[in-house]
Amino acid sequence: MPVTVEIPKEKWTGSIRQVTLGATAAQGGTRSKTVTVGGETTLPFLFFEGDIPNPPVVAVEIQDSYPADWSPVLLKAWGDTLQDPAAWARKAEELGAGLIMLRLRGTNADGQLTPAVQAAATVRAVLGATGLPLIVRGPGQAERDNELLVAVAEATAGERLALGLCEDKNYRTIVAAALAHGHLVIASSPIDVNLAKQLNILINDMRLPLDRVLMDPTTGALGYGLEYTYSVMERLRLAALTGDSMTQQPMICFVGEESWRQKESRVAEGVPAQWGDIEKRAITWETVTATALLESGADIVVLRHPATVGIIRDTITRLMAH
Amino acid sequence: MALSGLEIYKLLPKTNCKECGFPTCLAFAMKLAQKQAELDNCPHVSAEAKEALSAASAPPIRLIKLGSGEREFQVGNETVMFRHEKTFFNKPGLALRIKDTEAADVVAAKAETVNAYSVERVGMQMTLNAVAIENASGDVTTFANTVAAVRARTNLPFVLISPNAEALKAALAREGGHKPLLYAATAENWQAMAALAKGSGVSLAVRSRDGLDELADLTKKLSEAGVADLVLDPGSRDLSGSLAQLTQLRRLALKKNFRPLGFPIITFPGEVADTPEGEVVAAAQYIAKYAGIVVLDHFDPAVAYPLLTLRLNIYTDPQKPISVDPGIYEFNHPTAEAPLLTTTNFSLTYFSVAGELDSSGLPAWLLICDAEGMSVLTSWAAGKFDAATIAKAVKTTGIADRLSHKKITIPGLVAVLSGDLEEELPGWEIRVGPREAVDIPAYLKTWS
């Protein structure tokens, strides 16, 4: 007598909002295509009980001036490309990036503060070099973020850039700039479901529609708090699928930034032999961090190493096949 | 079907004798209902009640033990779908596969490498757990000889892989009695495999070629044949399909209490991928999502270390975060002139600060105080990270003897402690550092 196993399926009532980055000429921008994330009606890659209309996207991080503080493994992999953000963006697109994330360091190579007009010019140069939609992050200090991002938002009106990071203590100026010039924002909260919700509410209160908000739950790299990010993302996704409207934003994870900061990704000498080869270890560190966060609900993973971009693109293709 | 606590209570002696370790029969019944206690702990339960309760009291995912002595490991007994709901308990065993068609020196080298590999993280030694040996040659004697050759080099438990029960029987005779797992019973060979597993008292893996229906059909037959310790291979060899199958198996066991599939799962990431990188990705998925055993085809320390770290992260109890040992930590070879910073022993706090100190490239001393494993603000609010705590750590560690200065930097979030600390540590200059770890490198540059 053959056995028939009844597959248990959850009946989710909520879904993730769809958020579209970039605008084509017809839509008031200059992008050759747009990228839409979100829309899931089930947990990551569980096609047997719901839809995943848009695959997660790999974004490649570039910076506006030479990142001398980056791991030697990254400096070697990218070479001279790192000197020129436009060339860097072109190279990232060739590697198969779905999005470009430009990080404004806030200072140029001599340690001088970057003027806002120069930051805006760099963003336009990058927009000119690639047809991909763009994410732009400030240096991470409230005053400088506001100064630079407002200038960038004005200079690129209608492009639907994603601007960040908006935090609970500093979101108004960036949200206002996004509202005024047709952009999106990234809402960033420190590994906490309620703080993430609260910030989405505050941003929404300023009348920025939620289909223009991405959510950054704060990424912990493998071995450096990954499990906290992993679980808070699972909790946010479960809350979203059970109908909690203010948790239904697509999630973006700055995997490369966190992973490549760690000793495991930077140091070749004076570490235990059991750590193995620096280059392979570092790429694996970024790969494993990205994989775990895709499995817990990431819609955009921002990566740094060209090899990881290929591995994670292939992973997403295989997870989306069903 | 699972029984409720009250239903279980009706079947217990109701004497409140406390011999089970719980204050009342009702409390014991509640624990049984939550699968957090074993019925065997009640010495007075009647035979009828035992029979009625055995189904309800067993863990939904059976605990399977492989190996013996120091290298024994156990998998199964999981109780939640998501780690934040409680915790994941038994870390999946990582194994390396060796084929009996490989040259003798390669076999020996792999066995020795797996046996010896051990890497430390947050004070814990992380190791691989098993060697999988596959009868790729199809030859019984070659297989048994390979098994014996690997056993000569390690006490790790084995996963013995062959479709041929005769080959497994010959291998069992040579593996040294370390409780291996036999892989695998299938629709074609299950009778012979059941006889072998039952006769030798070892665990048996079950492989389906046709999804969960065939898998449940096979496990029922094997259970009826008297093999209790099973491990499942639901069959899918693609990344997406196996994620679905492993999720479904976990749900069937936990949410439906579906006994025929209430066993740990064995996975083969190398069979899911065309490249070593793809194997790493699949292994990471299986560690996070529900595998009991992960059999790798490639060993590289640069890959093993990240995978073992992922396993440690995912299996950390969210309610009991790993704390680091209080004491002095050195960064970038500090001299007596280097700055001294202090913070709490919460693991994430430590790693955030340590990561920044490390990557700054600047020498520094970090004094970790015993704040009962809580973060800076939490422990301060709870009175576990105050001036007395910091002063005690300064004195007991003798850090002053290693410095040419008396300056200590406290976290910016607890700037309020400066005054009290000046009183507790006469002669010291108390400095207030950044509120966030990310600003530490900039702070160090200005420190003098």
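Our structure is the block above this text.
Residues numbered from 1 in each chain as written. Chains lettered and ligands numbered in written order. Predicted model: local features only at pLDDT ≥ 70, side-chain atom pairs only at ≥ 80, totals over all residues. Heavy atoms only, no water.

What follows deals with the overall build of chain B. On a plain count of helices and strands, chain B comes out with 17 helices and 17 strands. Across its three principal axes, chain B shows a C-alpha extent of roughly 80 × 65 × 35 Å. Within chain B, the fraction of its 448 residues that count as buried is 55%. The long-range share in chain B, meaning contacts at least 24 apart out of those at least 6 apart in sequence, stands at 65%. Measuring between centres, the 44 positive side-chain charges of chain B sit 5 Å from its 51 negative side-chain charges. (Helix = DSSP H or I, 4+ residues; strand = E, 2+ residues; numbered from the N terminus. Buried < 20%, exposed > 50% of the residue type's maximum accessible area, 1.4 Å probe, protein only. Contact = heavy atoms within 4.5 Å. Lys, Arg positive; Asp, Glu negative; His and termini not counted. Charge placed at Lys NZ, Arg CZ, Asp CG, Glu CD.)

What follows covers helix α3 (residues 116-129) of chain A. Residues and elements named next belong to chain A. Compared with the 20 Å implied by 1.5 Å per residue over 14 residues, the 20 Å span of α3 between its first and last C-alpha is a close match. Of the residues making up α3, those classed as buried are Ala116, Ala119, Ala120, Thr122, Val123, Val126, Leu127 and Ala129. Packed against the buried residues of α3 are β3 (57-63), α2 (85-94), β4 (99-103), β5 (134-137) and α4 (142-155). (Expected span 1.5 Å × (residues − 1).)

This part is about the side chain of Glu286 of chain A. Residue and element names in this part refer to chain A. Tracing the sequence through the fold places Glu286 in helix α10 (residues 278-295). One buried charged side chain, Glu286, makes no salt bridge at all; its nearest oppositely charged neighbour is Arg304, positioned 6.4 Å away. Looking at Glu286, its side chain comes within polar contact range of the main-chain nitrogen of Arg304, at 2.6 Å. (Salt bridge = Lys/Arg side-chain N within 4 Å of Asp/Glu carboxyl O. Polar contact = N/O pair within 3.5 Å; in protein donor to acceptor, adjacent residues only side chain to side chain.)

Among the surface-exposed residues, Leu6, Leu26 and Met30 of chain B lie close enough to one another that they form a single nonpolar patch of about 250 Å² accessible area. You can see Leu26 of chain B is positioned in helix α2 (residues 25-33). (Patch = residues over 30% accessible without salt bridge, like charges linked within 9 Å, V, L, I, M, F, W, Y side chains within 5 Å. Areas by Shrake-Rupley, 256 points an atom, 1.4 Å probe, with all protein chains shown as cover.)

Here the focus is the interface of chain B and chain A. Contact with chain B, which involves 55 residues of that partner, is made by 53 residues of chain A. Summed over both sides, the interface of chain B with chain A buries roughly 4600 Å², with 63% coming from carbon and sulfur. Residue Glu234 of chain A is joined to Lys289 of chain B by a salt bridge in which the shortest nitrogen-to-oxygen separation is 2.8 Å. Applying the counting criterion to the chain B and chain A interface returns 18 residue pairs in polar contact (both at pLDDT 80 or more). For the side of chain B that touches chain A, the elements supplying multiple residues, two or more each, are β4 (118-121), α8 (211-224), α9 (239-255), α11 (276-288), α12 (301-314) and α13 (347-360) of chain B. Per-class residue counts for the side of chain B that touches chain A are 29 nonpolar, 13 polar and 13 charged. (Buried area = accessible area lost by both parts, 1.4 Å probe. Nonpolar A, V, L, I, M, F, W, Y, C, P; charged D, E, K, R; others polar.)

Before going further, it helps to examine the pattern of salt bridges. Residue and element names in this part refer to chain A. A full pass over the atoms with the stated rule returns 33 salt bridges over all chains. Note that Glu279 and Lys76 form a salt bridge whose closest N and O atoms lie 2.9 Å from each other. Remark: Lys76 occurs in helix α1 (residues 72-78) and Glu279 occurs in helix α10; sequence separation between them is 203 residues. For Lys76, a relative accessible area of 61% corresponds to the exposed category.

Residue and element names in this part refer to chain B. Helix length check: α11, at 13 residues, gives a terminal C-alpha distance of 19 Å against a target of 18 Å (1.5 Å per residue), a fit within 8%. Of all 13 residues that make up α11, 11 are buried, and the element is covered over most of its length. Among all positions in α11, only Gly278, Glu279, Val280, Val281, Ala282, Ala283, Ala284, Gln285, Tyr286, Ile287 and Ala288 are buried. Tyr290, located one to two residues past α11, shows a positive phi value of around 85°.

Another point: empty space enclosed by the protein. Empty space among the atoms can be located by rolling a probe the size of a water molecule over them. All names here are of chain B. One pass over the full model with this rule turns up 5 cavities of 30 Å³ or more. Lining of the largest cavity is provided by 16 residues; of these, Ile61, Glu78, Arg250, Pro264 and Tyr290 occupy positions nearest its centre. In terms of residues, the lining of the largest cavity owes the most to one element, α9, which gives 3 residues. (1 Å grid on protein atoms, 1.4 Å probe; cavity = no way out; pocket = protein on both sides within 12 Å on 5 of 7 lines; lining within 4 Å. Points joined across faces, edges and corners; volume = space filled by probe spheres on them.)

The next thing to look at is unusual backbone geometry. Here the amide bond leading from Gly164 of chain A into Leu165 of chain A is cis, since omega sits at 5°, within 30 degrees of zero. Mapped onto the elements, Leu165 of chain A comes out in strand β6 (residues 162-166). Cis geometry marks the peptide bond from Tyr183 of chain B to Ala184 of chain B; its omega dihedral reads 0°. On the secondary structure map, Ala184 of chain B appears in strand β8 (residues 181-185). The residue Asn77 of chain B is not glycine, and still its phi comes out positive at about 65°. With respect to the helices and strands, the residue Asn77 of chain B is situated in the loop between β2 (73-75) and β3 (93-99).

Further remarks concern the sheet that holds strand β7 (residues 158-161) of chain B. All names here are of chain B. Pairing is parallel across the open sheet formed by 8 strands, whose spatial order is β10-β9-β8-β7-β6-β3-β12-β11. Edge positions in the sheet fall to β10 (230-233) and β11 (266-267), since each of these pairs with one other strand and no more. Sitting on the sheet, helix α4 (residues 104-116) is in contact with β3 and β6 (130-134), with an inclination near 170° to β3. (Pairing = 2+ DSSP bridges. Axes fitted to C-alpha atoms, helices over the stretch in contact; angles between N-to-C directions.)

All names here are of chain A. Side chains Leu134 and Val136 project from β5 onto one buried face, and the interleaved Ile135 and Arg137 project onto a second face that is buried too. The pairing of β4 with β5 spans 4 bridges and is classified as parallel. By the bridge assignment, Leu102 is partnered in β5 with Val136. After leaving β4, the chain enters α3 and then returns to the sheet as β5, a path that is right-handed. Inspection of the sheet shows β5 paired to β6 by 3 bridges, in the parallel sense. The partner of Ile135 across the bridge, within β6, is Ala162. Since β5 and β6 lie parallel, the crossover through α4 that links them has a hand, and here it is right-handed. (Right-handed = clockwise from strand over helix to strand, strands pointing away.)

Residue and element names in this part refer to chain A. By the secondary structure assignment, Pro85 is in helix α2. When the C-alpha positions of Pro85 and Val126 are compared, they lie 6.4 Å apart, and in sequence the two are 41 residues distant. In contact with Pro85, not counting residues within four places along its chain, are Ile62, Gln63, Asp64, Thr122 and Val126.

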